[in-house]
Amino acid sequence: MSEDKKPIVEIKGVNKIYGDNHVVHDLNLTVYEGEFLTMLGPSGCGKTTILRMIGGFEEPSEGMIYIEGERVDMKEPFQRNVNTVFQSYALFPHMNIFQNIAYGLKMKKISKAEIKERVEEILHLVQLNGFEKRYPSQLSGGQKQRVAIARALINRPKVLLLDEPLGALDLKLRKEMQIELKNLQKKLGITFIYVTHDQEEALTMSDRIAIMNQGYLDQLDTPENVYERPATRFVADFIGESNIFETVINKISGDTVNVGLEVGNALGLIDDNFSVNMSEMVYACVRPEKVKFSKTEIKGFTILGKVKEQIYVGNVIKSNIILVNGQIVKLSRMDIDEAPKIGDVMYIYWDVEDVVLIKSRSFQIHNLIENARLGGD
Ligand SMILES: Nc1ncnc2c1ncn2[C@@H]1O[C@H](COP(=O)(O)OP(=O)(O)OP(=O)(O)O)[C@@H](O)[C@H]1O
Ligand SMILES: [Mg+2]
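Residues numbered from 1 in each chain as written. Chains lettered and ligands numbered in written order. Predicted model: local features only at pLDDT ≥ 70, side-chain atom pairs only at ≥ 80, totals over all residues. Heavy atoms only, no water.

Some details on the overall build of the chain
Here is the rule we go by: For helices the rule is a DSSP run of H or I covering at least 4 residues; for strands it is a run of E covering at least 2, with both sets numbered from the N terminus onward. Here, residues are in contact when the closest pair of their heavy atoms is within 4.5 Å. Residue-level accessible areas treat just the shown protein chains as cover; the underlying method is Shrake-Rupley with a 1.4 Å probe. Neither His nor the chain ends is counted toward charge; the positive residues are Lys and Arg and the negative residues Asp and Glu. Taken as the charge location is NZ of Lys, CZ of Arg, CG of Asp or CD of Glu.
A tally of regular secondary structure across the chain gives 9 helices and 20 strands. Counting only C-alpha atoms and orienting by the principal axes, one finds that the chain spans roughly 80 × 45 × 40 Å. Within the chain, contacts between residues at least 6 apart in sequence are counted, and of these 66% link residues at least 24 apart. Approximately 19200 Å² of the chain is accessible, and the part contributed by carbon and sulfur atoms is 50%. Charge separation in the chain, taken as the distance between the mean sites of 46 positive and 52 negative side-chain charges, equals 7 Å.

As for the site of ligand 1
Here is the rule: Whether a residue is near a molecule or strand is decided by its heavy atoms; if any one of them lies within 4 Å of it, the residue is near. Definition of a polar contact: a pair of N or O atoms within 3.5 Å, with one able to donate and the other able to accept a hydrogen when the atoms are protein atoms, and with sequence-neighbouring residues admitted only if both atoms are side-chain atoms.
As a matter of local geometry, ligand 1 sits amid Tyr18, Asn21, Val23, Pro42, Ser43, Gly44, Cys45, Gly46, Lys47, Thr48, Thr49 and Glu164. Within the side chain of Lys47, an N or O atom sits 2.8 Å from an oxygen atom of ligand 1. Here ligand 1, which alone exposes 640 Å², has 59% of that area covered by the protein. Secondary-structure elements contributing two or more residues to the shell around ligand 1 are β2 (21-32) and α1 (47-55).

Side note on the nonpolar core
Where we set the bar: Buried Ala, Val, Leu, Ile, Met, Phe, Trp, Tyr and Cys residues form a nonpolar core when they are joined through side-chain atoms within 4.5 Å. Burial classes follow relative accessibility: with a 1.4 Å probe on protein chains only, a residue under 20% of its type's maximum area counts as buried, one over 50% as exposed, and anything between as partly exposed.
If you look at the biggest cluster of nonpolar residues, it comprises 35 residues, and the most contacted ones within it are Ile101, Leu160 and Leu181. Grouped together as the second largest cluster of nonpolar side chains are 28 residues, Ile321, Trp350, Val355 and Leu357 included.

Let's talk about the sheet that holds strand β15 (residues 292-294)
Here is the rule: Strands pair, by our definition, only if DSSP identifies at least two bridges between them. Angles run from 0 to 180 degrees between N-to-C directions of axes, and those axes are lines fitted to C-alpha atoms, restricted for helices to the stretch in contact.
Across the sheet, which stays open at both edges, the 5 strands sit in the order β15-β19-β16-β17-β18 with antiparallel pairing between neighbours. With partners counted over all chains shown, the strands left at the sheet margins are β15 and β18 (328-333), one partner each. The average angle at which neighbouring strand axes cross in this sheet is 45°, direction not considered. Two elements, β15 and strand β19 (residues 345-349), share 3 bridges in a ladder whose sense is antiparallel. Across the sheet, the residue bridging to Ser294 is Tyr347, located in β19.

What about the side chain of Asp73?
With respect to the element layout, Asp73 can be found in the loop between β5 (70-71) and β6 (82-85). Polar contacts involving the side chain of Asp73 include one to the main-chain amide nitrogen of Ile65, which spans 2.8 Å. Within the local environment of Asp73, its side chain forms a polar contact with the side chain of Arg71, the two groups lying 2.9 Å apart. If we ignore the near neighbours within four places in the chain, the residues touching Asp73 are Glu59, Pro60, Gly63, Met64, Ile65 and Arg80.

Some points on the pattern of salt bridges
Oppositely charged side chains can pair when the atoms bearing their charge come close. Filter applied, for reference: Whenever Lys or Arg places a side-chain nitrogen within 4 Å of a carboxyl oxygen from Asp or Glu, that contact is recorded as a salt bridge.
Under the counting rule described, the total for this entry stands at 22 salt bridges. In this structure, Lys116 and Glu120 form a salt bridge, with 3.0 Å as the shortest nitrogen-oxygen distance. Taken together, the residues span about one helical turn, with Lys116 and Glu120 both in helix α3 (residues 112-125) at a distance of 4 residues. Here Arg174 and Glu201 are joined by a salt bridge, their closest N and O atoms 3.7 Å apart. Of this pair, Arg174 sits in helix α5 (residues 171-188) while Glu201 sits in helix α6 (residues 199-205); the two residues are 27 residues apart in sequence, bridging distant segments of the chain. No difference in accessibility class separates Arg174 from Glu201, as the two residues are buried.

Looking at the packing of aromatic side chains
Selection criterion: Working definition: a ring pair exists when centres of Phe, Tyr or Trp rings (six-membered ring for Trp) sit within 6.5 Å. Plane angles under 30 degrees give stacked, over 60 give edge-to-face, the rest tilted.
Under the defined criterion, the tally for this structure stands at 8 aromatic pairs. Both rings, one in Phe234 and one in Phe238, keep their centres 5.4 Å apart while their planes meet at 10°; by these two values the pair is stacked. Taken as a pair, Phe234 and Phe238 lie in helix α8 (residues 233-238) at a separation of 4 residues, close to a single helical turn. A relative accessible area of 21% places Phe234 in the partly exposed class. One aromatic cluster is present, formed by Phe245, Phe301, Tyr349 and Trp350 through successive ring pairs.

As for α5
Selection rule: A helix is expected to span 1.5 Å multiplied by its residue count minus one. This arc is taken over the directions from the axis of the helix to the C-beta atoms.
In this model, α5 (18 residues) spans 26 Å end to end at C-alpha, consistent with the 26 Å of a helix rising 1.5 Å per residue. Within α5 the residues assigned to the buried category are Arg174, Met177, Gln178, Leu181, Lys182, Leu184 and Gln185. Taken around the axis of α5, the buried residues stretch over an arc of 160°, which confines them to a single face. Of the residues in α5, the exposed ones pointing more than 90 degrees away from the buried face are Lys172, Ile179, Lys186 and Lys187. The inward-facing, buried residues of α5 contact β3 (36-40), α3, α4 (141-153), β7 (159-163), β8 (191-196) and α6. Among the residues of α5, the N-terminal cap falls to Asp170, whose side-chain oxygen and the backbone nitrogen of Lys172 are separated by 3.2 Å. Count one or two residues on from α5 and you reach Gly189, which has phi positive near 70°.

Quick look at the domain arrangement of the chain
Our working definition: Delimitation of the domains relies on an automatic or database domain assignment. Accessible area that two parts lose when put together, evaluated with a 1.4 Å probe and summed over both, is termed the buried area. In this classification, Asp, Glu, Lys and Arg are treated as charged, Ala, Val, Leu, Ile, Met, Phe, Trp, Tyr, Cys and Pro as nonpolar, and every other residue, Gly included, as polar.
Under the domain assignment used here, the chain contains domain 1 (7-233) and domain 2 (241-374). Computed from C-alpha atoms alone, the centre-to-centre distance between domain 1 and domain 2 is 39 Å. Counting residues at the interface gives 8 residues for domain 1 and 9 residues for domain 2. Taking both sides of the interface into account, the surface hidden between domain 1 and domain 2 amounts to around 780 Å²; carbon and sulfur atoms contribute 50%. It is Tyr227, Arg229 and Arg233 in domain 1 that bury the most area against domain 2; as a group they hold 72% of the surface buried on that side. Inspection of the domain 1/domain 2 interface yields 0 salt bridges. Run the count over domain 1 and domain 2 and you get 3 residue pairs in polar contact (both at pLDDT 80 or more). Element by element, the count of residues in the side of domain 1 that touches domain 2 is highest for helix α7 (residues 223-228), at 3 residues. In terms of residue class, the side of domain 1 that touches domain 2 is built from 4 nonpolar, 1 polar and 3 charged.

See the structure below:
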């Protein structure tokens, strides 16, 4: 997001602790006006908790939250210019669609004429004109979902918080709704903070993705960057498919490094903001589509493997290559002519710019513990 964008939600040093359960760790996050920001992570990583703190349904144990420059973390939900769409649509079953959507405006004592006008406008927006008199039980999942969104949008919030809003829909409808929601967001220019554990959904809809790992923000970046340049091993593993090798830096020549794997050597690139030392341990991550193979040795690469199995997934041919230590390397190709054959023995390599090197403290600690346990030094 460019620098000239205006911050709309700012989360500063926020922690959330329930009893002895520390569920959000020192979170710093700025969301910009008009942005579609997605919080992505596995179950229990703290996504809903963060959303609830922004919405005002939960207070941070520590830290501050600002909306449009004003501190709100002590304020009630209705005092914040945000609205929330919860996963369970929470429509009022005894009210028809018109009444459900009008509810918020009625509470604000807005005139009948204006309410009617605004409900009509919003129904048109979510393509539900003519549904005013129906009751929630007479709607499909996707239609209920749109009513829930209409009900949140009618208040004209600056920020819309959405907690897995498409979670209950089947795959086809979910895909359609993803496009509808994205279009709606663009059209209205409202800031969306969207929660999902579905990486594909996050990658297709978002301007930026915040990837949460056990209460920590591991990476905040564009869909392209979280895929191409994962910042942590967790992100590399969580987003798409990746081959992750534990390696040691053997040699540094300029921006090229030679890394040692358990089963051979390989090359990688370092850039200005990534410095490494000799003998340092790093993860080398390579996407299956970037793995190359050759019958003859490629300079700098000595990893030998054998094609163990192959599967077709749609139009992608996925090969599993087994290395001498038993590790499986995943390789994928769109074209059968470019895929290896089962039983082929070959060298594995990659273009140096296609490998992402990731430092990991935990990897080092893990190895220290492992060494200690094995009686090593
Ligand atoms: N009121 C509460 N009291 C105690 N612990 C809670 C409370 N609410 C949430 N937690 C814990 O906080 C952690 C984060 O929960 P949260 O609901 O934010 O996860 P999530 O990322 O939204 O997961 P999911 O994808 O399953 O919805 C979990 O370990 C959960 O058990
Ligand atoms: Mg949740």
